[in-house]
Amino acid sequence: MRFSMTTEDKRFYRNVLSLVMPMALQNLINVGVTSTDVIMLGRVGETALSGVSLANQVYFILSLIFFGLTSGACVLTAQYWGKHDTRTIEKVMGMSFRIAILSAAVFTALAVCVPDLLMRIFTSDEAIIAEGVSYLRIVAFSYILAAFTNVYLNIIRSIERVVIATVVYATSLSVNIILNAIFIFGLFGAPALGAAGAAIGTLCARAVEVIIVVYYARKKNDVVLIRIKDMFKRYKWLEKDFFVYAFPVLLNEFAWGAGMAAISSIVGHLGSASVAAHSVAQVCRQLSMVIAFGISNATAIMIGKAIGEKKEELARDYGNRFAKLSLLFGAAGGILILIISPFVCNMLKLTPLAKSYLQVMMVIMSYYVVGQSFNSTLVVGVFRAGGDTMFGLFLDVGIMWLCSIFAAAVAAFVIHVPMPWVYIILCSDEVIKVPFSWKRYKSYKWLNNITR
């Protein structure tokens, strides 16, 4: 039986490819930045690796605020793009800049003024705390730069401008790798700064990102402009829509980010071997999810645009197609983790205990990513594109916090079960979410046109 694609099939997969591949490459590059720190500091030692990994939880929470903010904004901008209303998109971007930069300023102040207190949230090991503090006091100054870059690149992604982010992050990765090597190991006569050297490399890379984005915004992008006045001017009707549709997404991402930080905190109090293994396992998870996350973002763009164009049947068809793609690439990511597991364990300078933990964690990650791929495509892609932003918040708070994190904390600190079992409980949330996400999808309560 010969397989043939219809014209609509060809158009769909052509659009998916044009969106997913640049975004998958961006995700891969972003993982590369994290991997650079893990690999290089893994060669320095377990303490430096653990310190920087836990210190980066501060930026991880902030980055999820950025992601939640821009994902929420894209609920509006993708549909207004379908309606060809670029001026409203500029106003949404201005509001997003204001919130993101203020959030980054608060995190910067905390990381500079009380880095020791922040590190003690995640661990009580004094050597790890010292490494984390030296990293935080420098890298904190990159937070506001990252706020500007994240908002701009994510907003214009919703209008199908996705290639520029690839250029920005590829350049940033190159700068980060070169400067990390110089300042971590002390090459070319520079001092060997270890964790602090990694912070200098990250700060310089963020500065390069801003320079490229400003040039692109001023010289190349004449569709959606950065207007300084939009950062300060109030648009009450738009702020109301933003609050209704975007604020739940921001809360959702903050709840999820705080949950991931809580997981790191639980693991952090189980010893440096657990922290080091968890750090490596998370990088491998991110690596395996680069295409899946690209699919979830493409889902939001294409379904949001279809709804803005009042093509509801097309939006439903896209949802079915993307759900199938999410399972396919989630399974591929799980297989990838199992394949690279022995190479990763042998490559890094870890203690035998940390390596034994890592082997177990990689098996857990291999099925975790399948659930995460499916759930992120439906919650972040389908539901948010249709303005259904509250469901994801209830799902994460109800399952992630009240089930997996609470149960794991009891298992670790009350019952004192072995660490691998604690990790299995911590990573149970994505599997539990699957039937709830699917039931919500089939109800089609997510399909709403929210443009004015």
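Since the model is a prediction, treat every value here as computed from it, not as a measurement. What you see as residue numbers is a count from 1 along each chain, following the sequence as written. For this predicted model, a pLDDT threshold of at least 70 governs which residues receive local features, and a threshold of 80 or more governs which side-chain atom pairs are given and counted, while totals over whole chains, interfaces and linings are taken from all residues. Hydrogens are left out, water is left out, and the side-chain values use all remaining heavy atoms of the structure.

### A word on the nonpolar core
- Within the largest apolar cluster, 116 residues are counted, with the highest numbers of intra-cluster contacts made by Leu 136, Tyr 143, Tyr 152, Leu 153, Leu 358 and Tyr 423.
- Comment: elements are numbered from the N terminus, with helices defined as DSSP H or I runs of at least four residues and strands as E runs of at least two. Here the element with the most residues in this core is helix α2 (residues 46–82); it accounts for 20 residues.
- Here a residue-residue contact requires only that any non-hydrogen atoms of the pair lie within 4.5 Å. Leaving out residues up to four positions away in the same chain, Leu 136 has contacts with Ala 55, Val 58, Ala 111, Pro 115, Leu 118, Met 119 and Tyr 143.
- We define the nonpolar core as a collection of buried residues of types Ala, Val, Leu, Ile, Met, Phe, Trp, Tyr and Cys that are connected through side-chain atoms lying within 4.5 Å of one another. Only protein chains enter the accessibility calculation, which uses a 1.4 Å probe; a residue is then buried when its area is under 20% of its type maximum, exposed when over 50%, and partly exposed in between. Grouped together as the second largest cluster of nonpolar side chains are 31 residues, Phe 374, Val 382, Phe 383 and Leu 395 included.

### Brief notes about the pattern of salt bridges
- A side-chain nitrogen of Lys or Arg and a carboxyl oxygen of Asp or Glu constitute a salt bridge if their distance falls within 4 Å. In the structure shown here, the tally under the stated rule is 13 salt bridges.
- Note that Asp 116 is salt-bridged to Arg 120, the shortest N-O span being 2.8 Å. Of this pair, Asp 116 and Arg 120 both sit in helix α4 (residues 115–122), separated by four residues, roughly a single helical turn.
- The class for Asp 116 is partly exposed, based on a relative accessible area of 33%.
- Glu 309 serves as the salt-bridge partner of Lys 311, at 3.6 Å between the closest nitrogen and oxygen.

### So, helix α15 (residues 390–415)
- At Met 400, α15 shows its strongest bend, of approximately 30°.
- For α15, the complete set of buried residues consists of Phe 391, Gly 392, Leu 393, Leu 395, Asp 396, Ile 399, Met 400, Ser 404, Ile 405, Ala 408, Ala 411 and Ala 412.
- Structurally, α15 contributes buried residues whose contacts are with α10 (247–268), α14 (352–385), α16 (419–426) and α17 (429–443). Think of it this way: the bend at a residue is just the angle between two axes, each fitted to seven residues, one set ending at that residue and the other starting at it.

### Things to note about helix α13 (residues 312–347)
- Helices are assigned an expected span. That span is 1.5 Å times one less than the residue count. Across its 36 residues, α13 extends 50 Å between first and last C-alpha, which sits within 8% of the 52 Å expected from 1.5 Å per residue.
- At Ile 340, α13 shows its largest bend, some 45°, and a proline, Pro 342, comes one to four positions later.

### A closer look at the packing of α2 against helix α12 (residues 290–308)
- Axes here mean lines fitted to C-alpha atoms, for a helix over just the part in contact, with angles spanning 0 to 180 degrees between N-to-C directions. Packing of α2 against α12 brings their axes to within 6 Å, and their N-to-C directions diverge by 35°. The way α2 lies across α12 gives a crossing that is right-handed. Taken together, the residues of α12 that come into contact with α2 (itself represented by Phe 67, Ala 78, Gln 79, Trp 81 and Gly 82) are Asn 297, Ala 300, Ile 301, Gly 304, Lys 305, Ile 307 and Gly 308.
- Residue polarity follows a fixed list, in which Ala, Val, Leu, Ile, Met, Phe, Trp, Tyr, Cys and Pro are nonpolar, Asp, Glu, Lys and Arg are charged, and the others, Gly among them, are polar. In terms of residue class, the contact of α2 with α12 is built from six nonpolar, five polar and one charged. Handedness of a crossing is defined here by the sense of rotation of the near helix relative to the far one, left-handed for an anticlockwise turn of less than a right angle and right-handed for a clockwise turn.

### Digging into the domain arrangement of the protein chain
- For each domain, the first and last residues come from an automatic or database assignment. Under the domain assignment, the protein chain is made up of domain 1 (6–232) and domain 2 (244–451).
- For domain 1 and domain 2, the distance between their C-alpha centres works out to 19 Å.
- Across the contact, 53 residues belong to domain 1 and 59 residues belong to domain 2.
- Both sides of the domain 1 and domain 2 interface together cover about 4,700 Å² of buried area, and 69% of this is carbon and sulfur.
- What counts as buried area is the accessible surface, traced by a 1.4 Å probe, that two parts surrender upon association, with contributions from both included. By the criterion of area lost to domain 2, the three top residues of domain 1 are Phe 12, Glu 46 and Gln 79, representing 15% of everything that side buries.
- Where domain 1 packs against domain 2, one counts zero salt bridges.
- A 3.5 Å cut-off defines polar contacts: any pair of N or O atoms within that distance qualifies, except that in protein one atom must be a possible hydrogen donor and the other a possible acceptor, and neighbouring residues in sequence count only when both atoms are side-chain atoms. Taken together, the connections running from domain 1 to domain 2 amount to two residue pairs in polar contact (both at pLDDT 80 or more).
- When residues of the side of domain 1 that touches domain 2 are traced back to their parent elements, those giving at least two are α1 (7–44), α2 and α4.
- Among the elements that take part in the side of domain 1 that touches domain 2, α2 stands out by supplying 23 residues, more than any other.

### Digging into unusual backbone geometry
- Positive phi, normally seen in glycine, also occurs at Lys 310, with a value near 65°.
- Of note, Lys 310 is situated in the loop between α12 and α13.
- Positive phi, close to 65°, is recorded for His 416, a residue that is not glycine.
- Position of His 416 relative to the elements: it lies in the loop between α15 and α16.

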